[in-house]
There are 2 protein chains.
Amino acid sequence: MLLTIDPTADSPLFEQVATGIRAAVVAGDLRPGERLPAARDLAAALEVNMHTVLHAYRTLREEGLIQVRRGRGTVVSTRSSADYRGLRRALADLVREGDRLGLSRTGLADLIRHAPGTAP
Amino acid sequence: MLLTIDPTADSPLFEQVATGIRAAVVAGDLRPGERLPAARDLAAALEVNMHTVLHAYRTLREEGLIQVRRGRGTVVSTRSSADYRGLRRALADLVREGDRLGLSRTGLADLIRHAPGTAP
DNA sequence: CGTAATGTTCTAGTGCATATAGAACAAGAC
DNA sequence: GTCTTGTTCTATATGCACTAGAACATTACG
């Protein structure tokens with residue numbers, strides 16, 4: 001199974017779905033152009049409401065990670081480079097630095113979320 | 001003013017406070033050992049409830065970034081190295097990679113929050 | 001000892017995010 | 001035309017985040 005959902009976890013279900021797919025794309029387990037299961041099917045497989053899966057899909061679409069088109073399904077976006085190696089390395093570096101300083105994942109995430117730059 | 005709060009922003013007030021202080025520490029504007037204003041005072045200055053500031057302080061304490069002791073006030077933690085240069089560089093690298101791929105800050109933050117590693 | 005400063009705890013109200021559900025609809029594929 | 005798939009609309013219920021006021025505990029200091 002590509003995704004596993006924990007209904008008892010503290011993070012919301014739709015976020016768990018989005019996180020799982022996002023991680024799979026960045027890790028290369030899901031390749032650009034590859035198609036994701038239909039929302040209804042994934043919802044049934046995860047024993048979750050269809051709207052929950054669609055919420056996750058919507059989130060990932062707003063991040064530009066996937067493309068959803070009605071009637072045709074949902075596919076992983078084909079980016080210009082589609083090379084996530086640099087991102088993976090940057091992620092690992094940041095986590096290592098954060099661990100070295102004893103910062104929590106949440107704190108690191110917050111630093112990123114409110115970091116200055118081009119995109120909001 | 002060290003901090004600015006926007007009551008109309010989408011992010012909660014306590015997170016804005018925590019984020020501002022965290023960013024100041026990482027940027028070096030607040031040095032280890034330096035004392036933060038009393039919760040009541042900062043709350044009055046920001047026109048926010050004291051609990052909001054204390055919530056932010058508690059969050060930062062759980063991250064290990066500050067030390068709060070009743071009666072004595074709140075100070076920035078003195079870390080072994082207290083060197084945030086590597087962290088700043090790693091943050092900048094990740095943001096750059098994220099922007100290159102068109103990923104949103106929220107997506108990047110989520111990748112960090114659920115990244116594997118030693119600490120949760 | 002007394003007083004001031006400071007964080008902690010208790011209690012509580014309000015609103016919003018989350019999740020689920022059903023149904024009708026729109027775009028595309030075949 | 002029919003099936004698939006995502007979109008939109010309405011509705012409901014639940015829980016927690018957020019904010020807030022007041023009393024309390026600990027520390028510092030004269």
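Thresholds applied
Positions within a chain are numbered from 1, following the residues in the order the chain's sequence is written. Going through the entries in the order they are written, you letter the chains from A and number the ligands from 1. Only residues with pLDDT of 70 or above have their local features reported here, since the model is predicted, and side-chain atom pairs are shown and tallied only from 80 upward, although totals for entire chains, interfaces and linings are computed over all residues. Remark: hydrogens and water are excluded; side-chain values derive from all non-hydrogen atoms of the structure. Put simply, DSSP marks the helices as runs of H or I at least four residues long and the strands as runs of E at least two long, and each gets a number from the N terminus on. Throughout this description, buried means an accessible area under 20% of the type-specific maximum (1.4 Å probe, protein chains only), exposed means over 50%, and partly exposed covers the range between. Two residues qualify as a contact provided that any one of their heavy atoms is within 4.5 Å of a heavy atom in the partner residue. Using a 1.4 Å probe, the Shrake-Rupley method yields the accessible areas, and only the shown protein chains count as cover for residues. Note on terminology: near, applied to a residue and a molecule or strand, indicates that one of the residue's heavy atoms is within 4 Å of it. Residues adjacent in sequence count toward polar contacts only when both atoms are side-chain atoms; beyond that, a polar contact is any pair of N or O atoms within 3.5 Å, and within protein one must be able to donate a hydrogen and the other to accept it. Classification used: nonpolar for Ala, Val, Leu, Ile, Met, Phe, Trp, Tyr, Cys and Pro, charged for Asp, Glu, Lys and Arg, polar for all others including Gly. Residues below a pLDDT of 70 in either copy are left out; the C-alpha atoms of the rest, at least 70 in both, set the least-squares superposition of the copies.

A.B. asks: Looking at this structure, how should I read the overall build of chain A?
C.D. replies: Looking only at helices and strands, chain A has five helices and three strands in total. Principal-axis analysis of the C-alpha atoms places the extent of chain A at approximately 45 × 40 × 25 Å. Here chain A, with 120 residues, has 42% of them falling under the buried criterion. For chain A, the proportion of contacts with a sequence separation of at least 24, taken over those separated by at least 6, is 48%. For chain A, the exposed surface amounts to about 6,500 Å²; the carbon and sulfur share of it is 50%.

A.B. asks: Explain the protein's contact with DNA strand D here, please?
C.D. replies: Taken together, 23 residues lie around DNA strand D, and P12(B), L13(B), F14(B), N49(B) and H51(B) are the ones closest in. Counting only the atoms of DNA strand D within 4 Å of the protein, the fraction contributed by sugar and phosphate is 62%. Side-chain polar atom of R40(A) to a base nitrogen of DNA strand D: 2.7 Å apart, as the coordinates give it. At 3.2 Å, a backbone N or O of N49(B) approaches a phosphate oxygen of DNA strand D. Here the element with the most residues in the surface near DNA strand D is helix α3 (residues 50-62) of chain A; it accounts for three residues. Split into classes, the residues belonging to the surface near DNA strand D amount to seven nonpolar, eight polar and eight charged.

A.B. asks: Before we go on, may I ask you to explain unusual backbone geometry in this structure?
C.D. replies: Excluding glycine, residues mostly carry a negative phi; peptide bonds, for their part, are mostly trans. Residue and element names in this part refer to chain A. Non-glycine residue E47 carries a positive phi angle of around 60 degrees. If you trace the backbone, E47 turns up in the loop between α2 (39-46) and α3. The exposed category is assigned to E47, whose relative accessible area is 76%.

A.B. asks: Explain the relation of the copies chain A and chain B here, please?
C.D. replies: Each of the two chain copies goes to the other by way of a rotation about an axis and a shift along it. Mapping chain A onto chain B is achieved by rotating through 180 degrees and translating by 0.1 Å along the same axis, at an RMSD of 0.2 Å. Here the symmetry operator amounts to a two-fold rotation axis. Among all residues of chain A, the one whose C-alpha sits closest to the rotation axis is A109(A), at a distance of 2.2 Å.

A.B. asks: Would you mind showing me how to read the protein's contact with DNA strand C here?
C.D. replies: The full set close to DNA strand C counts 24 residues, and L13(A), H51(A), T52(A), R40(B) and L54(B) are the nearest of them. Of what DNA strand C places within 4 Å of the protein, 65% of the atoms are sugar or phosphate. A distance of 3.4 Å separates a phosphate oxygen of DNA strand C from a polar backbone atom of F14(A). Within the side chain of R40(B), a nitrogen or oxygen atom sits 2.7 Å from a base oxygen of DNA strand C.

Any functional reading would require information beyond the geometric quantities listed.
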